[in-house]
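# An overview of the molecular structure
Okay, here's what each chain looks like letter by letter:
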Amino acid sequence: MSNAPVDKGRRRFLTVATSVVGAAGAVGVAVPFIASWNPSAKAKNAGAPVEVNIGKAEPGQMIRVEWRGQPVWVVRRTPEMLNSLEGLADQLRDPNSEEPQQPEYAANLYRSRKEEYFVAVGICTHLGCSPQYLEDSFGEQVEGISAGFFCPCHGSKFDIAGRVFSGVPAPYNLVVPPHYYIDDNTILVGEDGEQA
């Protein structure tokens, strides 16, 4: 060991320089590590809201889209379909949509924001099958009602508002996803928006 005096300025400089290089290295390692926690672009797109163009939908027509890997139906209901919703309460398991299968704004007779359009996840609440939309032949399943949804796997039946009939395996009404109208021709499925 040398008996030379210690250069405190040099020691301070080396300590600060080493600390700065160490901190920069820690940041260099931490940034990619933390960035790896973010969902991938594919995962973001899978859960992203979906725009549905309803401008050319004919009365009675159903449009199918995919949201979060699930089929979503948008049905433009006719006045006859809307009239058929009244007077079914005694045949339905949950006629007033009391089970939380829809956003609050869709807990009404039509289970929708606008009476004319019905938006629902197209998966049966029994075992996850995809029911069929019967625009004109639902009367074969339920007498006196022309349109509805029928799950042929186990026989569950839903009216044109997605309300489940009593005495079938499905325990709940069809799920109504969050959605809102961007304009008169476009629905955004996957977000509630600011409409009420």
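In this text, all values refer to a predicted model and were calculated from it rather than measured experimentally.

## What to know about the sheet that holds strand β8 (residues 179-183)
The 3 strands are arranged β1-β9-β8 in an open sheet whose pairing can be described as antiparallel. If you trace the sheet from one side to the other, it starts and ends with β1 (50-53) and β8, each paired once. The average angle at which neighbouring strand axes cross in this sheet is 30°, direction not considered. In this structure, β1 lies alongside strand β9 (residues 186-189), joined through 4 bridges in antiparallel fashion. Opposite Asn 53, over in β9, you have Thr 186 as the bridge partner.

## So, the sheet that holds strand β3 (residues 70-76)
The sheet built from 3 strands is open, its strands ordered β2-β3-β4 with antiparallel pairing. Looking at the sheet topology across the chains shown, the edges are occupied by β2 (62-67) and β4 (117-121). Each adjacent strand pair in this sheet contributes to an overall mean axis angle of 20°, direction not counted. Across 5 bridges, the pairing between β3 and β4 is antiparallel. The residue bridging Val 72 from the neighbouring strand is Val 121, located in β4.

## Regarding the side chain of Thr 78
Here Thr 78 is to be found in the loop between β3 and α3 (79-83). With relative accessibility at 14%, the residue Thr 78 sits in the buried group. With residues near it in sequence (within four places) discarded, Thr 78 still touches Pro 59 and Gly 60.

## What to know about the UniProt feature "domain: Rieske" (unreviewed entry) in the chain
The positions UniProt marks with the feature "domain: Rieske" (unreviewed entry) are residues 84-188. From the first C-alpha to the last, residues 84-188 spans 27 Å; its make-up is 0% helix and 22% strand.

## Remarks on the domain arrangement of the chain
Assigned domains of the chain: these are domain 1 (1-38) and domain 2 (45-189). Centre-to-centre, using C-alpha coordinates, domain 1 lies 63 Å away from domain 2.

Rules behind the numbers
- Residues numbered from 1 in each chain as written.
- Predicted model: local features only at pLDDT ≥ 70, side-chain atom pairs only at ≥ 80, totals over all residues.
- Heavy atoms only, no water.
- Pairing = 2+ DSSP bridges.
- Helix = DSSP H or I, 4+ residues; strand = E, 2+ residues; numbered from the N terminus.
- Axes fitted to C-alpha atoms, helices over the stretch in contact; angles between N-to-C directions.
- Buried < 20%, exposed > 50% of the residue type's maximum accessible area, 1.4 Å probe, protein only.
- Contact = heavy atoms within 4.5 Å.
- UniProt positions renumbered as here; feature names shortened; annotations may be inferred.
- Domains from an automatic or database assignment.

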